[in-house]
Amino acid sequence: MDLTRLSPRTPRGPIDNRPRAGQHGPATDGSPTSRVTMDIAFLHGRIILEDRILEDGAVVVQQGAIAWIGPTLELRARPEPAVDLGGFYLSPGFIDLHLHGGGGVDSMVGDPEALKTLCRTHEAFGTTALCLATLSAPIDEIHRALTAIQQLAVQGTGGARLLGAYLEGPFINPARCGPHPTEHILEPDLRTLQSFALAAGGWLRVVSLAPEMPDAEQLIHWVAHEMQLLAAVGHTSATCEQTEAALQSGCRLITHLFNNMMPFHHRDPNAAGAALASREACAELILDPNHLHPAAARIALRCLGPDRIVLITDATSVVGAPEGTGLLGKRRVIYQDGVAQFEDGHLAGSALTMIDAVRAFIAQVGVEPAVAVRCASLVPARLLGIADRLGSIAVGKHADLLVLDPDDMRVLYTYVGGARVYKSSY
Ligand SMILES: [Zn+2]
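Residues numbered from 1 in each chain as written. Predicted model: local features only at pLDDT ≥ 70, side-chain atom pairs only at ≥ 80, totals over all residues.

*Asks:* Sorry if this is basic, but what is going on with helix α3 (residues 190–199) here?
*Replies:* Counting along an α-helix, one turn takes 3.6 residues, and residues three or four places apart therefore face a common direction. Here α3 has its buried residues at Leu-193, Phe-196, Ala-197 and Ala-199. All buried residues of α3 project into a common sector of 165° when viewed along the axis, lining one side. Here the buried face of α3 lies against α2 (139–155), β10 (161–168), β11 (204–209) and α4 (216–226). Just downstream of α3 lies Gly-201, where phi reads positive at about 50°. (Buried ≥ 20, exposed ≤ 12 C-beta atoms within 10 Å, placed from the backbone. Helix = DSSP H or I, 4+ residues; strand = E, 2+ residues; numbered from the N terminus. Arc of directions from axis to C-beta. Contact = placed C-beta atoms within 7 Å.)

*Asks:* Even after reading the chapter, I still don't get the sheet that holds strand β18 (residues 339–342), so can you show me in this structure?
*Replies:* The strands making up a sheet associate through backbone hydrogen bonding, with each pair oriented either parallel or antiparallel. Strand order in this open sheet of 3 strands is β16-β17-β18, and the pairing throughout is antiparallel. Every interior strand has two partners, whereas the edge strands, β16 (325–328) and β18, have only one. Adjacent strand axes in the sheet meet at a mean angle of 35°, parallel and antiparallel pairs treated alike. In this structure, β16 lies alongside strand β17 (residues 331–336), joined through 4 bridges in antiparallel fashion. Paired with Thr-325 across the bridge in β17 is Ile-334. (Pairing = 2+ DSSP bridges. Axes fitted to C-alpha atoms, helices over the stretch in contact; angles between N-to-C directions.)

*Asks:* I keep staring at the nonpolar core and nothing clicks. Help me out?
*Replies:* In a soluble, globular protein the nonpolar side chains are often hidden away together inside. Residues Ile-149, Ala-283 and Leu-311 are the most contacted members of the largest nonpolar core, which totals 149 residues. For this core, the leading source of residues is α2, giving 8 residues. In terms of domain composition, this core takes at least three residues from each of domain 1 (34–91 + 393–423) and domain 2 (94–384). Ile-149 has contacts with Leu-115, Leu-132, Leu-162, Gly-164, Ala-165, Ala-200 and Trp-203, leaving out every residue within four places of it along the chain. (Core = buried A, V, L, I, M, F, W, Y, C linked by C-beta atoms within 7 Å. Domains from an automatic or database assignment.)

*Asks:* Can you help me understand the domain arrangement of the chain in this one?
*Replies:* Taken domain by domain, the chain comprises domain 1 (34–91 + 393–423) and domain 2 (94–384). The centre of domain 1, based on its C-alpha atoms, is set 29 Å off from the matching centre of domain 2. At the junction of the two partners, domain 1 supplies 13 residues and domain 2 supplies 18 residues. When contributions to the side of domain 1 that touches domain 2 are tallied by element, the ones reaching two or more residues are β20 (411–416) and β21 (419–423). Here the element with the most residues in the side of domain 1 that touches domain 2 is β20; it accounts for 3 residues. Residue composition of the side of domain 1 that touches domain 2, by class: 8 nonpolar, 3 polar and 2 charged. (Nonpolar A, V, L, I, M, F, W, Y, C, P; charged D, E, K, R; others polar.)

*Asks:* Sorry, what's going on with unusual backbone geometry here?
*Replies:* At the junction of Gly-169 and Pro-170, the peptide bond is cis and its omega measures out at 10° in the coordinates. On the secondary structure map, Pro-170 appears in the loop between β10 and α3. If you check the backbone angles, Gln-63 has positive phi at about 50° while not being a glycine. Secondary-structure assignment places Gln-63 in the loop between β2 (53–62) and β3 (65–71). Residue classification places Gln-63 among the partly exposed residues on the basis of 14 C-beta atoms within 10 Å. Here His-235, not a glycine, exhibits a phi torsion of approximately 45°, which is positive. With respect to the element layout, His-235 can be found in the loop between β12 (230–233) and α5 (240–249). With 28 C-beta atoms counted inside 10 Å, the residue His-235 sits in the buried group.

*Asks:* Would you mind showing me how to read the sheet that holds strand β9 (residues 127–133) here?
*Replies:* Strands sit in the order β6-β9-β10-β11-β12-β13-β14-β15 across an open sheet of 8 strands; the sheet is parallel. Strands at the two margins of the open sheet, each flanked by one partner only, are β6 (94–99) and β15 (309–312). Each strand axis lies, on average, 30° off the axis of its neighbour in the sheet, ignoring direction. Two strands pair when backbone bridges link them, and β11 and β12 are joined in this way by 4 bridges, in the parallel orientation. Within the sheet, the bridge partner assigned to Val-207 lies in β12 and is Ala-231.

*Asks:* How do you make sense of helix α6 (residues 270–277) when you look at a structure like this?
*Replies:* In terms of burial, α6 is a largely internal element, 7 of the 8 residues being buried. Of the positions making up α6, those classed as buried are Asn-270, Ala-271, Ala-272, Gly-273, Ala-274, Ala-275 and Leu-276. Those residues of α6 that are buried are in contact with β12, α5, β13 (251–254), β14 (282–286) and α7 (294–304).

So, in structure tokens, the structure goes:
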């Protein structure tokens, strides 16, 4: 097996259109900036910056990147075209680290064209970049799914940036499988994991596994240290000590904290307790009423702080699907009354969107809008090692931006690389 082209120095998932030394594949992220030079200015907005909100601010975009930020009054020449925000928020675009579907398409479909529909469906909900999560399945199906993700990531979606793949399963604990079909769950095996990395052609970004399974530590070491990818603890029955050992070995992320793991108990804190007590780990939250009580999210926020909470959707194909039904892997999912479930009534991922997660964080958990936005943009960008280009409104970064109504946080416009990819009809 030739793993040389997956060496850590190989850039993974190039997300801008500047060629780099040693880069394989086309130097493009497929965003509109790859083909069109986008210049635009935003005036009179409430600009959500990394550390504050700039009132009556302006942002100037040149060639798809943020070129200037300041008070609108200090703009000498009014650039054209310009959008008068009229006091609405200008927010960084959201980065959904972990989702499975949208627009009726499941991430395991193995077809780049269909995956494009999936990715672009989420633009309406504020997502400008995303990682597609896989589901436990026969090995060759996972290979096909990863290859399709790689193909679309290289080719580009024409809108929301596909950043790569999030391997969720098959190396998980069958006792905590959630929607993963137990017959396809495997004991951790390095050769198999390496075959997944090869199928993803350098676009594998996150590997989530159960650290208590045999040989899991070897895989964590390979992912975190040899590949320098993001290793995560998830779908696990790990004890507190096993989780702490996994964090010590290189895991930096907890997959959907509290869901599909043993709960916190004061004598037996388990994975949830180890995560809350950790000084460095980040944790994903699925912030909808089916997955998490707002108080649990508040506890996580108090323990970890806003720089270690990642809002994800874990969305399935029912999001933005016209029929309200879809697939998760091979199983049919029905969307009813805000719940995505299998026909037997079990939860099947979520029907959450990024803007709804942000809204819930503000309304139910009680955080400031800028904090909610940070947990949906800058924190995932940092985890993925791309915060130099994405994740906040800062000079030099890609102009992946949202115009939000401050009253209800509704998404009015979505921009990727300065090009508008979504406009609300309201
Ligand atoms: Zn998932």
